[in-house]
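Residues per chain are reported as follows:
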Amino acid sequence: MSDIDTLAKKLWDYHHMNHQLEKADAIVAFGSYDIRVAERAAELFLAGWAPILLFSGGRGRLTPPGWDTEADEFARRAMDLGVPREKILIENKSANSGENILFTKNLLTEHRIHPQTVIVVHKPYMERRAFASCKKQWEGPEFIMASPELSYEEYPTDTIPKDEFIKDMVGDLERIKLYPEKGFQIPQAIPADVREAYEELVRRGYTKHLVKG
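Quick caveat: nothing in here was measured; it's all calculated off a predicted structure.

> How should the pairing of strand 4 (residues 117-121) be read in this particular structure?
The side chains of a regular strand alternate, first on one face of the sheet and then on the other. Where burial is concerned, most of strand 4 is hidden: five out of the five residues are buried. Of the two faces of strand 4, both are covered, the one formed by T117, I119 and V121 as well as the one formed by V118 and V120. Pairing of strand 1 (residues 26-30) with strand 4, which is carried by four bridges, proceeds in the parallel orientation. Its bridge partner lying in strand 4, A29 is registered against V121. Direction of pairing for strand 4 relative to strand 5 (residues 142-146): parallel, over a ladder of five bridges. Across the sheet, residue V118 finds its bridge partner in strand 5, namely F143.

Okay, structure coming up:
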């Protein structure tokens, strides 16, 4: 393993919440460029962890060019895997994490669904930031974080190269540091070795997705 991999894996491990699955009132999958998130959400639904599956996501800066919206693409994949259309809710207007949460809450309310427990599915390295955002912006439910069950070594693909998702992880770590002060997330403790790994990756140029300004 290279020294870059050693540093990046510290962030990868930190971003995981390592929650145990429990029965929930809804599964919510937040959109992204990674269709494996939809596949994991469908897997959890088909295994009976919740009675409804909601996909949230419009088009963002990293949405693949051939997709309509992330939520619609995720829903199509879930139906291909056997999830009935009538068990899927689609929120396809949101353009950022805050809108993901707000529009998801509103859509569930419209359908008279008031969940006590929600399984939130995201990319593996988005678990912690999504949890911190949900806890701040969605009062009421308990949140169980889940993601595709892939190791750091297994995660890269031809369309998601390692260097790109390391840049993503660095950007997400920065947001975990900065966003509580902006009111977007609850604070999350960052261990010293994780902070040092983040700072070293920044020094080495993994800065593409840092907050601008």
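That was the structure; now back to the text.
> How should the packing of helix 6 (residues 162-182) against helix 7 (residues 192-203) be read in this particular structure?
When two helices pack together, you describe them by how their axes are tilted relative to each other and by the distance separating the axes. Look at helix 6 against helix 7: their axes get within 10 Å of each other, and the N-to-C directions meet at 125°. Taken together, the axes of helix 6 and helix 7 lie oblique to each other. Viewed along their axes, helix 6 and helix 7 form a crossing whose handedness is left-handed. Taken together, the residues of helix 7 that come into contact with helix 6 (itself represented by I166, V170, L173, E174 and K177) are V194, R195, Y198, L201 and V202. In terms of residue class, the contact of helix 6 with helix 7 is built from seven nonpolar, no polar and three charged.

> Help me understand the pattern of salt bridges, please; the structure alone is not making it clear to me.
A side chain of one charge can pair with a side chain of the opposite charge if their charged atoms are brought near each other. Scanning the model with the defined rule gives 14 salt bridges in all. Note that D3 is salt-bridged to R204, the shortest N-O span being 2.6 Å. Taken together, the residues span a long stretch of sequence, with D3 in helix 1 (residues 3-15) and R204 in the segment after helix 7 at a distance of 201 residues. With a relative accessible area of 39%, R204 lands in the partly exposed category. Between E200 and R203 there is a salt bridge; the shortest N-O distance is 2.7 Å. One end of the pair is E200 and the other is R203, both in helix 7 and three residues apart, which spans about a single turn. Since its relative accessible area comes to 22%, E200 is described here as partly exposed. Given a relative accessible area of 61%, R203 falls into the exposed group. Taken together, the shared-partner salt bridges in this structure form one network comprising D3, E200, R203 and R204.

Conventions adopted
- Residues numbered from 1 in each chain as written.
- Predicted model: local features only at pLDDT ≥ 70, side-chain atom pairs only at ≥ 80, totals over all residues.
- Heavy atoms only, no water.
- Buried < 20%, exposed > 50% of the residue type's maximum accessible area, 1.4 Å probe, protein only.
- Helix = DSSP H or I, 4+ residues; strand = E, 2+ residues; numbered from the N terminus.
- Pairing = 2+ DSSP bridges.
- Axes fitted to C-alpha atoms, helices over the stretch in contact; angles between N-to-C directions.
- Parallel < 35°, antiparallel > 145°, perpendicular 65-115°, else oblique.
- Left-handed = near helix turned anticlockwise from the far one by under 90°.
- Contact = heavy atoms within 4.5 Å.
- Nonpolar A, V, L, I, M, F, W, Y, C, P; charged D, E, K, R; others polar.
- Salt bridge = Lys/Arg side-chain N within 4 Å of Asp/Glu carboxyl O.

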